[in-house]
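Residue-level structural notes
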Amino acid sequence: MISKFGYDQIKSVPVVDATNFLNKDGNFKEDCEKIAEALHIFGCVIIKDPRVNDQHNHDFLNLMESYFENRSEKFYKGEHIEDIFPELSYQVGATPEFKERARTHIEQTETYQGDNKPFTPQPPPYDSKWRFFWPMGDRATPRENDNEYALSFINSHNPPRYCPKDIPNFREKMNQWGTMMIDGVFTVAEMAAIGLDLEANTFTQLMNGGEHLLAPTGSDLLRYDVGTVFAGFHYDLNFLTIHGKSRYPGLFIWLRSGEKISVAVPDGHLLVQAGIQFDLLTGGYITCGFHEVIYTQAVKDKVEIAKQENKSKWRVSSTSFGHLNSKLIIKPLDKFANPDPKYAPQTVYDQVQKELENISLKQVE
């Protein structure tokens, strides 16, 4: 493929403003083509979404920094944390550190040379990060059954949310940020479809009814030091992942070419990454973006500044996962037919469950 926008020559994630597309103004078709090309070459794209401002991101980071600081302090003391549900594969509530582990990718990592090799060893260690899962569900039918835990939900793949009782307005703040993020991935999905010369709703109709998740992560920068693996070398198991800007660096991605680069998200922008479901739908044309999060010296330098300014020493990522509907069969679209057994038809539900088992979140009986 010849790069129309020269993205094969640049070493930073392309930035695309979605304003014209949302307003159906100007040459928004070209913006859609930019998103499609960025996802093809980088496995991700940075967007400017006028519906989301920098203050929204700051408010959410403040909320989750406070949450992780509180729960981790109790956890480190050995106190019981009612927010943690291993029996639900940690798909709601909190996931403590050292519960999630990336799949082993020895063959993949051996293709990289020199500075392009991941820091994550193979097999990977368990991640030194926390997470909180807040199911968003279908945008058309918001979930309201918070905390209604019953035995019937234990084996459910779509359990109700857990809302901490001691944090004011937690539900409202989570829903606000989560809704903006899921709206963002629907926008990118529609723009990508147009950029790939598909019908605009090609991907979004498959996302309707998807079990979308707001899933921020938290990493304790005082408990650990340079060299710690917060998120081992991996791809995401969903369709599209979206984040606001973190207050600390440490995220690295791999391009289709095998080059490794550090990601810097501008203020007020959002990073959108393609997951394995996008790869499976396009027969590998849109690559699932491999990435890792590492405690680097640059992170350490920012921690020292945060100490002087009395700011949080937790690295929070305001992550949300956009999923395809779990009842659908996932296989390459006709335009992207691929005979590789990797792309054999399977249900989205089965695909997700296999991935959860491989990253140690699902308990196998």
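Residues numbered from 1 in each chain as written. Predicted model: local features only at pLDDT ≥ 70, side-chain atom pairs only at ≥ 80, totals over all residues. Heavy atoms only, no water.

**Re the overall build of the protein chain**
When you go through the protein chain residue by residue, the secondary structure sums to nine helices and 16 strands. Here the C-alpha coordinates of the protein chain stretch approximately 55 × 45 × 45 Å along the principal axes. Accessible surface, the protein chain: about 15,900 Å² in total, of which carbon and sulfur atoms supply 49%. In the protein chain, 39 side chains carry a positive charge and 50 a negative one; their mean positions are 2 Å apart. (Helix = DSSP H or I, 4+ residues; strand = E, 2+ residues; numbered from the N terminus. Areas by Shrake-Rupley, 256 points an atom, 1.4 Å probe, with all protein chains shown as cover. Lys, Arg positive; Asp, Glu negative; His and termini not counted. Charge placed at Lys NZ, Arg CZ, Asp CG, Glu CD.)

**Observations regarding the packing of helix α3 (residues 54-76) against helix α5 (residues 170-195)**
One can describe the packing of α3 onto α5 by two numbers: an axis separation of 11 Å at closest approach and a directional angle of 130 degrees. Considering the angle they form, α3 stands oblique to α5. In this structure, the crossing between α3 and α5 has a hand that is left-handed. Between α3 and α5, the contacting residues are His56, Asn57, Phe60, Leu63, Met64 and Tyr67 on the first element and Phe170, Lys173, Met174, Gln176, Trp177 and Met180 on the second. Classifying every residue of the contact of α3 with α5 gives eight nonpolar, three polar and one charged. (Axes fitted to C-alpha atoms, helices over the stretch in contact; angles between N-to-C directions. Parallel < 35°, antiparallel > 145°, perpendicular 65-115°, else oblique. Left-handed = near helix turned anticlockwise from the far one by under 90°. Contact = heavy atoms within 4.5 Å. Nonpolar A, V, L, I, M, F, W, Y, C, P; charged D, E, K, R; others polar.)

**A look at the side chain of His234**
If you trace the backbone, His234 turns up in strand β7 (residues 229-234). We classify His234 as buried; its relative accessible area is 17%. Within the local environment of His234, its side chain forms a polar contact with the backbone oxygen of Gly232, the two atoms lying 2.5 Å apart. (Buried < 20%, exposed > 50% of the residue type's maximum accessible area, 1.4 Å probe, protein only. Polar contact = N/O pair within 3.5 Å; in protein donor to acceptor, adjacent residues only side chain to side chain.)

**Regarding the nonpolar core**
Grouped together as the largest cluster of nonpolar side chains are 101 residues, with contacts concentrated most on Met64 and Phe170. Take this core: its biggest share by element is 14 residues, from α5. When near neighbours in sequence (up to four residues on either side) are disregarded, Met64 contacts Phe132, Phe170, Met174, Pro216 and Val316. (Core = buried A, V, L, I, M, F, W, Y, C linked by side-chain atoms within 4.5 Å.)

**Quick look at the packing of helix α2 (residues 28-41) against α5**
For the pair α2 and α5, the least separation of the axes is 7 Å and the interaxial angle reads 95 degrees. When the axis of α2 is compared with that of α5, the two are roughly perpendicular. Contact with α2, carried on its side by Lys29, Asp31, Cys32, Glu33, Ile35, Ala36 and Leu39, involves Val188, Met191, Ala192, Ile194 and Gly195 of α5 and no other residues of that element. Tallied by class, the residues present in the contact of α2 with α5 amount to eight nonpolar, one polar and three charged.

**Comments concerning the confidence of the model for the protein chain**
Averaged over all residues, the pLDDT of the protein chain is 91; the fraction at 70 or higher stands at 92%. Across residues 139-145, confidence stays below pLDDT 50; counting only partners more than four residues off in sequence or on other chains, it has 13 contacts. (pLDDT = per-residue confidence, 0-100.)

**Quick look at the environment of Gln346**
By secondary structure assignment, the location of Gln346 is in strand β16 (residues 346-347). Sequence separation of Gln346 and Leu328 is 18 residues, and the distance between their C-alpha atoms is 8.4 Å. If we skip the residues at most four places from it in the chain, Gln346 touches Leu280, Leu328, Ile329, Ile330, Gln351 and Lys354.

**Considerations on unusual backbone geometry**
Residue Pro123 is bonded to the preceding Gln122 through a cis peptide linkage, with omega at -5 degrees. Within the secondary structure, Pro123 is located in the loop between α4 (106-109) and β4 (130-135). Despite not being glycine, Phe98 has its phi angle at roughly 60 degrees, a positive value. Within the secondary structure, Phe98 is located in the loop between β3 (93-95) and α4. For Phe98, a relative accessible area of 38% gives the class partly exposed. In this structure, Asp197 takes a positive phi of about 60 degrees despite not being glycine. Relative to the helices and strands, Asp197 resides in the loop between α5 and α6 (204-207). With relative accessibility at 60%, the residue Asp197 sits in the exposed group.

**A word on the sheet that holds strand β9 (residues 251-254)**
In space, the four strands of this open sheet follow the order β7-β12-β9-β10, with antiparallel pairing throughout. Edge strands, defined here as strands with exactly one partner in the open sheet, are β7 and β10 (260-262). The mean inter-strand angle of the sheet, taken between neighbouring strand axes irrespective of direction, is 20 degrees. Pairing of β9 with β10 involves three bridges; the strand directions are antiparallel. Across the sheet, Trp254 pairs through a bridge with Lys260, a residue of β10. (Pairing = 2+ DSSP bridges.)

**Quick look at the layout of surface pockets**
The space that makes up the second largest pocket amounts to roughly 650 Å³. Of all the elements, helix α9 (residues 348-358) adds the most residues to the lining of the second largest pocket, at four residues. Tallied by class, the residues present in the lining of the second largest pocket amount to 11 nonpolar, 11 polar and seven charged. (1 Å grid on protein atoms, 1.4 Å probe; cavity = no way out; pocket = protein on both sides within 12 Å on 5 of 7 lines; lining within 4 Å. Points joined across faces, edges and corners; volume = space filled by probe spheres on them.)

**Regarding the pairing of strand β8 (residues 240-243)**
Two faces, one strand: in a regular strand the side chains alternate between the faces of the sheet. Going residue by residue along β8, you find Leu240 and Ile242 tucked away on one face and Thr241 and His243 tucked away on the opposite face as well. Note: β8 against strand β11 (residues 270-274), four bridges, orientation antiparallel. Within the sheet, the bridge partner assigned to Leu240 lies in β11 and is Ala274. Bridge analysis of β8 against strand β14 (residues 320-322) gives three bridges, and the strand direction is antiparallel. Paired with Thr241 across the two strands is Phe321, which belongs to β14.

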